[in-house]
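A structural walkthrough
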Amino acid sequence: MQSSYPDRRCIVRWACFLLIWLGPCCVAAVDQQVQVKLDPAQTSINISVHDIHGGFQGSFKLKSGMVQFDRVTGNASGELVVDATSGNTGIDKRNTKMHKEVLESQRYPEITFIPRRVMGEVSPQGTSNIQVQGVFHIHGSDHDLTLSIPVAVSGNKVTATANFIVPYEQWGMKNPSVFFLRVEGKAEVSVSAVGSITITNAKTTH
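Summary of the structure given here.

Calculation criteria
Residues numbered from 1 in each chain as written. Predicted model: local features only at pLDDT ≥ 70, side-chain atom pairs only at ≥ 80, totals over all residues. Heavy atoms only, no water. Helix = DSSP H or I, 4+ residues; strand = E, 2+ residues; numbered from the N terminus. Contact = heavy atoms within 4.5 Å. Phe/Tyr/Trp six-rings, centres within 6.5 Å; stacked < 30°, edge-to-face > 60°. Core = buried A, V, L, I, M, F, W, Y, C linked by side-chain atoms within 4.5 Å. Buried < 20%, exposed > 50% of the residue type's maximum accessible area, 1.4 Å probe, protein only. Pairing = 2+ DSSP bridges.

Bringing the environment of Ser77 into the picture now. Its place among the elements puts Ser77 in strand S4 (residues 76-88). Expressed as a C-alpha distance, the spacing of Ser77 and Gly134, which sit 57 residues apart in the sequence, is 9.2 Å. Sequence-distant contacts of Ser77, that is, excluding residues within four places in its chain, are made with Met66, Val67, Gln68 and Pro115.

For the structure on display, the rule yields two aromatic pairs. Both rings, one in Phe136 and one in Phe164, keep their centres 5.8 Å apart while their planes meet at 70 degrees; by these two values the pair is edge-to-face. Note that Phe136 is positioned in strand S6 (residues 126-138) and Phe164 in strand S8 (residues 157-166), a separation of 28 residues in sequence. Both rings, one in Phe136 and one in Trp171, keep their centres 5.9 Å apart while their planes meet at 45 degrees; by these two values the pair is tilted. Of this pair, Phe136 sits in strand S6 while Trp171 sits in the loop between S8 and strand S9 (187-205), placing them 35 residues apart in sequence. Three or more aromatic residues link up through ring pairs in this structure, and these residues are Phe136, Phe164 and Trp171.

Judged by nonpolar contacts, the single largest core of 43 residues is most densely connected at Phe136, Phe164 and Tyr168. When sequence neighbours within four positions are dropped, the list of residues in contact with Phe164 reads Phe136, Leu145, Leu147, Ala187, Glu188, Val189 and Val191.

Once that is clear, we can look at the pairing of S6. One ladder, built from seven bridges, connects strand S5 (residues 110-119) with S6; its direction is antiparallel. Within S6, the position partnered with Thr112 by the bridge is His137. A loop of six residues connects S5 with S6, the two strands running antiparallel in sequence, and Gly120 in this loop sits at a positive phi of about 110 degrees. As paired elements, S6 and strand S7 (residues 141-154) share 13 bridges and run antiparallel to each other. By the bridge assignment for S7, Thr127 is matched with Ala152. Between the end of S6 and the start of S7, which pair antiparallel, lie two residues, with His139 showing a positive phi angle near 55 degrees.

Right under this line is the structure:
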């Protein structure tokens, strides 16, 4: 009498082969979309410009901010819009010079950042560190910019901070220096943002 074990082994091999071949066709992949909407009222944008006397500080207002990205691919979209005309350094004469000669804010009333890619994992709760690559648009010109951003999520509330340099003179804007006061041709920007976060699943069957 012949043993049936070889036949059983053959059946097991074919079963494994079919599972491997058919498995990917029957599994539903899940893409997680993350959407962050910033609250302009709770978001602050501050600048610092240095000179030999210590320099000055100023602030701008966020008009709107929305970022959406795929957690798997990192592909991002959305836009952050800053009101360039809202810039305030605390001194009217200096404000006038900044808006008229440097930013030309009547001609270029908005400063924007368009995210293109998010690198790093955003934890559904707790703290994370990510990088966001995108395009910074100011004074009519686009500039590639990568931001390092600590993020904290609690419930559906998200807070984030970013610090970066805007070399405005290098980017074609006028340096407001006068012969007795030399101002650096760059501004340090600090952003503290608050908003809401939503994570949704989009299932696609392969």
